[in-house]
Amino acid sequence: MSQVFAPQRFQRVYIEITNECANRCPFCAGTRRPPAAITLSGLETLLPQVAQVTKHVYLHVLGDPLCHPKLAEILTLCRQNGLLVNLTTAGGLLSQVSRAIWRSPALRQISVSLHSAATEAELAQRIDSLFEITRNRDTNLPICVFHYMKNANDDSFIAYVVNSLSKKYMVELPLAPRFDRGRTGFTLGNGVYLKFTRRFDWPSPDAPPVSARGFCLGLRRQMAVLCDGTVVPCCLDAEGSISLGNVAAQSLTDILLSPAARSFYEQFSRRQVPSPLCQRCTYRLRFDG
């Protein structure tokens, strides 16, 4: 059996259920693809195949999964296929989502991207919305994460986050968190966490090349399926530049066993960076050590 395809091969698979988002975050790469959302019938075919290679799905690449009108049904389908769901959201729609969704047995984790906020007012709204979900926490709620990606000039936003969450959860947090290997985290309560990571640049075919040698975990620990069915080796391939195939035309197994997938995997095994997009990606440099 190919190393690219094996039972429970991936730590996670990203499934982009929609590429639409209510936010226009400066951090986000955006997309030139037309607005689209995956259908329930498409997921009914896809999810049993995904369950062969992972237990964890993340319902985004671009787009906010809370924008999908059938999110509750999607969570039910994931549960039926034994998949644990991790939701990452900009947070602007949290207060509009039915509380029953947060108690779905399929839902493992909700992560709110606080760095999507453009103003302190937006930041406060995101913090308040997730706090309302967690403050009367019971065992049916998933793990909840306040996530902030640190930029070079946003110390005032970080101070606001720390002060606000310290007061709401009545915990002591450092005003200037130290970063260990680019990240740091704190426990706010039972199953509630604050995580800081360093911001990264989305890879772009228009960026200058970084290097033609190196390593990456794409198609090793993770892969992604875009909302039109395109399979890509990495969740940062937001435009489908490294298309390995499409699940509308082929099975996921056939795609993962294809010459394109094998070549991608084997080139990184030799520390040869296989595609122009990967050669322009700075995120993968963290795996070179």
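Residues numbered from 1 in each chain as written. Predicted model: local features only at pLDDT ≥ 70, side-chain atom pairs only at ≥ 80, totals over all residues. Heavy atoms only, no water.

(A) Representation of the overall build of the chain. When its secondary structure is counted, the chain shows 8 helices and 10 strands. For 289 residues, the compact-globule estimate of 2.2 N^0.38 gives 19 Å, and the C-alpha radius of gyration of the chain, at 19 Å, lies within 12% of that figure. Over its C-alpha atoms, taken along the principal directions, the chain stretches across nearly 55 × 40 × 35 Å. Here the analysis covers contacts within the chain between residues at least 6 apart in sequence; of these, 67% occur between residues at least 24 apart. (Helix = DSSP H or I, 4+ residues; strand = E, 2+ residues; numbered from the N terminus. Rg over C-alpha atoms; globule rule 2.2 N^0.38 Å. Contact = heavy atoms within 4.5 Å.)

(B) Highlighting the layout of surface pockets. The volume enclosed by the second largest pocket comes to roughly 210 Å³. Forming the walls of the second largest pocket are 15 residues, and the residues nearest its centre are Arg32, Pro203, Ser204, Pro205 and Glu239. For the lining of the second largest pocket, the per-class residue count stands at 7 nonpolar, 4 polar and 4 charged. (1 Å grid on protein atoms, 1.4 Å probe; cavity = no way out; pocket = protein on both sides within 12 Å on 5 of 7 lines; lining within 4 Å. Points joined across faces, edges and corners; volume = space filled by probe spheres on them. Nonpolar A, V, L, I, M, F, W, Y, C, P; charged D, E, K, R; others polar.)

(C) Molecular detail of the pairing of strand β1 (residues 12-15). Across 4 bridges, the pairing between β1 and strand β8 (residues 222-225) is parallel. Residue pairing in the sheet places Ile15 in a bridge with Val225 of β8. Where the polypeptide runs from β1 across helix α1 (residues 40-50) and back to strand β2 (residues 56-58), its parallel neighbour, the crossover connection is right-handed. (Pairing = 2+ DSSP bridges. Right-handed = clockwise from strand over helix to strand, strands pointing away.)

(D) Broad picture of α1. Of all the residues in α1, the buried ones are Leu43, Leu46, Leu47, Gln49 and Val50. The arc enclosing the buried residues of α1, seen along the axis, measures out at 155 degrees, which places them on a common side. Contacts from the buried residues of α1 go to β1, β2, α2 (71-80), β8 and α6 (252-256). (Buried < 20%, exposed > 50% of the residue type's maximum accessible area, 1.4 Å probe, protein only. Arc of directions from axis to C-beta.)

(E) Quick peek at the pairing of β8. Across the two faces of β8 the burial is the same, with Gln222 and Ala224 and Met223 and Val225 all buried. Sheet analysis places β8 next to strand β9 (residues 230-232), joined by 2 bridges and oriented antiparallel. Counted as the bridge partner of Val225 is Val231 from β9. Linking β8 back to β9 in an antiparallel pair, the connection comprises 4 residues, with Gly229 at a positive phi of about 95 degrees.

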